[in-house]
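Summary of the model geometry
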Amino acid sequence: MADKTYFVGVKESAVAANKRHLTIWNGTAAQELRVLWVQATGAPTAAVAGLVVPLYVARITTQPTGGSTLTPSKAVASSPNVPATVECLTGATGGAAEEASPFGVGTVSGEETASLSESVLYQMMLNGAEPVTLGPGTGLVVKQGSLASAGAISIVVQVSVP
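Below is a summary of the structure that appears in this document. (Residues numbered from 1 in each chain as written. Predicted model: local features only at pLDDT ≥ 70, side-chain atom pairs only at ≥ 80, totals over all residues. Heavy atoms only, no water.)

1. Brief notes about the nonpolar core
Note that soluble globular proteins tend to have their nonpolar side chains buried in a common cluster. In terms of nonpolar packing, the biggest core is built from 29 residues, with Leu 22, Ile 24, Val 38, Leu 140, Val 142, Ile 155 and Val 157 touching the most fellow members. Not counting residues within four places of it along the chain, the set of residues in contact with Ile 155 comprises Val 8, Gly 9, Val 10, His 21, Leu 22, Gln 39, Ala 40 and Val 142. Within the second largest apolar cluster, five residues are counted, among which are Trp 25, Ile 60, Ala 96 and Val 141. (Core = buried A, V, L, I, M, F, W, Y, C linked by side-chain atoms within 4.5 Å. Buried < 20%, exposed > 50% of the residue type's maximum accessible area, 1.4 Å probe, protein only. Contact = heavy atoms within 4.5 Å.)

2. Some thoughts on the side chain of Ser 119
Structurally, the position occupied by Ser 119 is in strand S9 (residues 118–123). We classify Ser 119 as buried; its relative accessible area is 13%. Here Ser 119 is in contact with Val 38, Gln 39, Ala 40, Gly 106, Thr 107 and Val 108, once residues within four sequence places are set aside. (Helix = DSSP H or I, 4+ residues; strand = E, 2+ residues; numbered from the N terminus.)

3. As for the sheet that holds strand S8 (residues 104–109)
Pairing is antiparallel across the open sheet formed by six strands, whose spatial order is S5-S7-S2-S11-S4-S8. The open sheet is flanked by strand S5 (68–69) and S8, the only strands paired with a single partner. Where strand S4 (residues 52–60) and S8 come together, six bridges link them in antiparallel fashion. The residue bridging Val 57 from the neighbouring strand is Gly 104, located in S8. (Pairing = 2+ DSSP bridges.)

4. What about the pattern of salt bridges?
Note that side chains of opposite charge can pair when their charged atoms are close. Counted under the stated rule, the structure contains three salt bridges. Taking the shortest distance from any N to any O, the salt bridge between Glu 99 and Arg 59 comes out at 3.3 Å. One end of the pair, Glu 99, is in the loop between strand S7 (86–90) and S8; the other, Arg 59, is in strand S4, with 40 residues separating them in the sequence. The partly exposed category is assigned to Glu 99, whose relative accessible area is 36%. Between Lys 143 and Glu 98 there is a salt bridge, with the nearest N and O atoms lying 3.2 Å from each other. Of this pair, Lys 143 sits in strand S11 (residues 138–144) while Glu 98 sits in the loop between S7 and S8; the two residues are 45 residues apart in sequence, bridging distant segments of the chain. Since its relative accessible area comes to 30%, Glu 98 is described here as partly exposed. (Salt bridge = Lys/Arg side-chain N within 4 Å of Asp/Glu carboxyl O.)

5. A closer look at the side chain of Ser 160
Position of Ser 160 relative to the elements: it lies in strand S12 (residues 152–161). There is a polar contact of 3.5 Å between the side chain of Ser 160 and the side chain of Asp 3. Residues within four places of Ser 160 in sequence aside, it is in contact with Asp 3, Lys 4, Thr 5, Glu 32, Leu 33, Arg 34 and Leu 36. (Polar contact = N/O pair within 3.5 Å; in protein donor to acceptor, adjacent residues only side chain to side chain.)

In structure tokens, the structure reads:
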């Protein structure tokens, strides 16, 4: 039987230095989440002239706090809901201690005239390599680097549950 696939996204997230645009926390007791894909794109909400938005994806080892709840979407409407202990947030303000190395990096632009304003920050390889897996008590963060930038961005993360 195929893994169940879900999408977590944030639309038009205002950029800010060191902002946690999206976090996923696996609070289950035994379930793993497989990260399949992370993409970011510029989301102009007004005319802006700004710098690129540097982003990275890293595993987190402590539960994020603060922010606003995001509701995952199902790839197949009849699939079960994501377990209630999987927490998805935008704009988390605390917790979310990161592992030392990111597993995805990229840049996007919030400018309305920018070309190539999307970036795949992580994509599971189809060559037999292991996907990034979020075991119980771990998660991921899509975070902006220290450059303040301008504008807004949208982010989508695709995960599967075996």
